[in-house]
Amino acid sequence: MSNIQEIKKRRTFAIISHPDAGKTTLTEKLLLFGGAIQTAGAVKSNKIKKTATSDFMEIEKQRGISVATSVMTFEYKDLLINILDTPGHKDFAEDTYRTLTAVDSVILVIDCVKGVEEQTERLMEVCRMRNTPVIIFINKLDREGQNPFDLLDELETKLNIRVRPLTWPINMGSDFKGVYSLYEQKLYFFKINKTKIESDVAEVSLDDENLESLVGERDAYQLREDVELVEGVYDPFSEDAYQKGELAPVFFGSAINNFGVKELLDTFCQISPTPQPRPTDARKVEPTEPKFSGFIFKIHANLDPRHRDRIAFLRICSGKFERNKFYHHVRLDKDVRFASPFSFMASAKSVMDEGFPGDVVGLYDTGNFKIGDTLTEGEDLMFSGIPSFSPEIFKELINLDPMKSKQLEKGIQQLTDEGVAQLFTLDLGNRKIVGTVGELQFDVIQYRLEHEYGAKCRWVPINTARACWITSDDKRKLDEFIRLKGNQIGYDKDRNPVFLAESEWMIRMNRDNNPDIQFHFTSEFKTESVV
Ligand code: G4P
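Residues numbered from 1 in each chain as written. Predicted model: local features only at pLDDT ≥ 70, side-chain atom pairs only at ≥ 80, totals over all residues. Heavy atoms only, no water.

Visitor: Lay out the overall build of the protein chain with the relevant residues and their values.
Guide: Looking only at helices and strands, the protein chain features 14 helices and 31 strands. By the burial criterion, 56% of the 531 residues in the protein chain qualify as buried. Within the protein chain, contacts between residues at least 6 apart in sequence are counted, and of these 71% link residues at least 24 apart. Split by element, the accessible area of the protein chain, about 23000 Å² in all, is 48% carbon and sulfur. (Helix = DSSP H or I, 4+ residues; strand = E, 2+ residues; numbered from the N terminus. Buried < 20%, exposed > 50% of the residue type's maximum accessible area, 1.4 Å probe, protein only. Contact = heavy atoms within 4.5 Å. Areas by Shrake-Rupley, 256 points an atom, 1.4 Å probe, with all protein chains shown as cover.)

Visitor: How would you sum up the pattern of salt bridges? Please name residues and give values.
Guide: Under the definition given, this model contains 41 salt bridges. Arg-495 is the salt-bridge partner of Asp-427, the closest N and O atoms lying 3.3 Å from each other. Separated by 68 residues along the polypeptide, Asp-427 in the loop between strand S25 (422-425) and strand S26 (432-436) and Arg-495 in the loop between strand S29 (489-491) and strand S30 (497-501) bring together distant segments of the chain. Overlapping salt bridges bring together Arg-310, Asp-365, Glu-418, Arg-448 and Glu-452 as one network. (Salt bridge = Lys/Arg side-chain N within 4 Å of Asp/Glu carboxyl O.)

Visitor: So what about the pairing of strand S24 (residues 393-399)? Which residues, and what values?
Guide: Where S24 meets S26, 5 bridges bridge the pair, whose relative direction is antiparallel. Across the sheet, Lys-395 pairs through a bridge with Val-434, a residue of S26. In this sheet, strand S27 (residues 457-461) lies alongside S24 in antiparallel orientation, the contact comprising 5 bridges. Paired with Lys-395 across the bridge in S27 is Pro-461. (Pairing = 2+ DSSP bridges.)

Visitor: Can you tell me about helix H5 (residues 118-129), naming the residues and giving the values?
Guide: In this model, H5 (12 residues) spans 17 Å end to end at C-alpha, consistent with the 16 Å of a helix rising 1.5 Å per residue. Three or more residues of H5 are buried, namely Gln-119, Thr-120, Leu-123, Met-124, Val-126 and Cys-127. Along the axis of H5, the buried positions cluster into a sector of 155 degrees, meaning they face one direction only. The exposed set on the far side of H5, more than 90 degrees from its buried face, consists of Glu-118 and Glu-125. Next to the buried residues of H5 lie strand S1 (10-17), helix H4 (93-100), strand S4 (105-111), strand S5 (134-139) and helix H6 (148-159). Where H5 ends, the next residue or the one after it, Asn-131, has phi of about 55 degrees, a positive value. (Expected span 1.5 Å × (residues − 1). Arc of directions from axis to C-beta.)

Visitor: I'd like a rundown of the nonpolar core, residues and numbers included.
Guide: Ile-136, Ile-138, Leu-155 and Leu-363 are the most contacted members of the largest nonpolar core, which totals 82 residues. When residues in this core are grouped by element, the largest group, 6 residues, is from strand S15 (residues 310-318). Each of two domains, domain 1 (3-271) and domain 2 (278-376), supplies a minimum of three residues to this core. With near-sequence residues (within four places) excluded, Ile-138 lies in contact with Ile-110, Cys-112, Leu-151, Leu-155, Val-250, Phe-251, Phe-252 and Gly-253. (Core = buried A, V, L, I, M, F, W, Y, C linked by side-chain atoms within 4.5 Å. Domains from an automatic or database assignment.)

Visitor: I'd like a description of the confidence of the model for the protein chain, backed by residues and values.
Guide: Summarising the model, the protein chain shows a mean pLDDT of 86, and 88% of its residues fall at 70 or more. Overall, residues 45-55 carries pLDDT values under 50, and its contacts beyond four positions in sequence, including any with other chains, amount to 21 contacts. Scored below 50 in pLDDT, residues 526-531 makes 10 contacts in the model with residues more than four places away or belonging to other chains. (pLDDT = per-residue confidence, 0-100.)

Visitor: Which residues make up a negative patch on the surface, and what values go with them?
Guide: A cluster of acidic residues, Asp-281, Asp-333, Asp-335 and Asp-380, forms a negative patch on the protein surface. Mapping Asp-281 onto the fold places it in the loop between strand S12 (278-279) and strand S13 (284-285). (Patch = residues over 30% accessible without salt bridge, like charges linked within 9 Å, V, L, I, M, F, W, Y side chains within 5 Å. Lys, Arg positive; Asp, Glu negative; His and termini not counted. Charge placed at Lys NZ, Arg CZ, Asp CG, Glu CD.)

Visitor: Could you give an account of the side chain of Thr-120, naming the residues involved and the relevant values?
Guide: Checked against the element boundaries, Thr-120 lands in helix H5. Residue classification places Thr-120 among the buried residues on the basis of a relative accessible area of 1%. Excluding its chain neighbours within four sequence positions, the residues that come into contact with Thr-120 are His-18, Leu-108, Ile-110 and Leu-159.

Visitor: Before we move on, could you go through the site of the ligand and cite the residues and values that matter?
Guide: In the neighbourhood of the ligand, 17 residues make up the surrounding shell, with Asp-20, Lys-23, Thr-24, Thr-25 and Ser-254 lying closest. The side chain of Thr-25 places a nitrogen or oxygen atom 2.5 Å from an oxygen atom of the ligand. Between the ligand and the protein, one listed contact pairs a nitrogen atom with a side-chain N or O atom of Arg-143 at 3.2 Å. Summarising the interface, the protein chains cover 67% of the accessible area of the ligand, which totals 710 Å² for the free molecule. With 3 residues, helix H2 (residues 23-33) is the single largest residue contributor to the shell around the ligand. (Near = heavy atom within 4 Å. Polar contact = N/O pair within 3.5 Å; in protein donor to acceptor, adjacent residues only side chain to side chain.)

Visitor: Can you lay out the sheet that holds strand S2 (residues 71-76) for me, pointing to particular residues and giving the numbers?
Guide: Spatially, S2-S3-S1-S4-S5-S11-S6 is the arrangement adopted by the 7 strands of the open sheet, whose pairing is mixed. With one partner strand each, in any of the chains shown, S2 and strand S6 (162-165) form the two edges of the open sheet. Between one strand and the next, the sheet's axes are offset by a mean angle of 30 degrees, whatever the strand orientation. Pairing geometry for S1 and strand S3 (residues 79-84), over 5 bridges, is parallel. The residue of S3 that forms the bridge with Phe-13 is Ile-83. This element, H5, spans S1, S4 and S5 of the sheet and lies at about 160 degrees to S4. (Axes fitted to C-alpha atoms, helices over the stretch in contact; angles between N-to-C directions.)

Visitor: Describe the packing of aromatic side chains, with residues and values.
Guide: Here the structure, examined in full by the defined rule, presents 20 aromatic pairs. Relative to Phe-190, the ring of Phe-176 has its centre 4.7 Å away and its plane inclined at 40 degrees; by these criteria the two rings are tilted. Here Phe-176 is found in the loop between strand S7 (167-170) and strand S8 (178-181), whereas its partner Phe-190 is found in the loop between strand S9 (186-189) and strand S10 (200-203), with 14 residues between them in sequence. Its relative accessible area of 5% is what places Phe-176 among the buried residues. With a centroid separation of 6.4 Å and an interplanar angle of 35 degrees, the aromatic rings of Phe-394 and Phe-424 are classed as tilted. With Phe-394 in strand S24 and Phe-424 in strand S25, this pair connects stretches of sequence that are 30 residues apart. With respect to class, Phe-394 is no different from Phe-424; both count as buried. Among the aromatic residues, ring-to-ring pairing joins Phe-149, Trp-168 and Phe-252 into one connected group. Here the basic side chain of Arg-466 rests over the ring of Phe-521, its NZ or CZ set 4.0 Å away from the ring centre. (Phe/Tyr/Trp six-rings, centres within 6.5 Å; stacked < 30°, edge-to-face > 60°. Lys NZ or Arg CZ within 6 Å of the ring centre and 35° of its normal.)

Below is the structure:
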């Protein structure tokens, strides 16, 4: 098969949701439909149980399990589908943001009872930044949820995207009868059903008088009214607008009951984008280019001290990846090759001899990789669009054993390369400020520094609430600002200066007082909006 045919076959996406909306359930059902698993319950949830929030070892164990389900590949209708899993726990949100840089589209799951929740909004902000196409699945229609029109309004206002329902529910909760497919003109009947894959269907247009006998007079009337309103309020579905990330088609269903999932998957196969071009610091890379290129979007460490290896996840962006071939590691300027790269077919690891754009390759790593690293066939370019976001919690790392400062230095460097947290170093006294999105990471870092690197540390809270990367066209002004702010300036892993501010208000004040300095909330200044 030619490279172009291989590319056309591939769909790489992530399922995102606020915890408990049904991401794991939907993933499992998609794998069932795709024949990748035979029974429900085969996918280990990587959901971190609420009871375990203070027990980070338990969480790490669960994260360990999730390596196997980090990427799930299956074939469906001649397509090769890669689902990239994202951690549900909010303390690992940064992991999710990075995974979103490696997909070409997403399916967003919403709980019809709870509507748009906090984490959904943040995840969607990341998708909107990159114009990632989104399909929305409103789940749990077997429960008494919010009015569907209200839900759609909430999606539009809170997620800042236009929506277009492609199916429409007939009631909800105990009275839920099914959905009407607006584009197929078919009625799908709902039944509580945890095993059967297909639902009962009736082909019936809305003006068909059989509708009354199928759903009852009252519901037939309501359905006609609702659909008329839908067609009046929402523009017709445009595949082009969806692909540009401007319009999200919406499906209603109940994942646990296998309901609405097949229509979702079938539509996904029809409209979702093939592997897309990706930006770099030099030029745009097209998937159809003959030469191989790819980037690392996730690094997973093995907590078992007998197996120190890490797994780096590479997204192939162009050309063909081959086992045992030398590739150029751009940041280190050296050639590397991989004897046992692996793929994630049917959630089991197997050696991958070749891979194509859209594929994710697992690479055993002994410390050569950082998040965002690029591999090519020689060209010097770095994939962009893998920004660091401002952390939310900051603490100073204090070394408890001066004899082990080298180990501590190496340990914190490697852990931050993995993306566990961000490190900002102050010039004054080489103080180390660590920023994370959740309290949990501090426990994880402390534990891992001690057990993997033999270095003991403690944390001291500091008065920082936000980190802003700072730039200026006027180098003199930037230097002056850095000098004035003293120990409020840290340097990130690439030696970019970062303003560590006590509050949003401080940032606003400093921005107003220093019009020549730009303040950025992500490390990627070229593509992100300036504050
Ligand atoms: P997550 O990965 O997004 O965190 O959610 P997950 O799939 O684990 O689902 C969260 C809970 O919602 C689970 O119940 C799951 O069974 C339930 N659920 C998923 N889809 C539906 C649906 O269509 N209808 C209803 N009523 N419930 C649904 P749980 O009690 O937390 O876990 P479990 O004991 O069932 O595994």
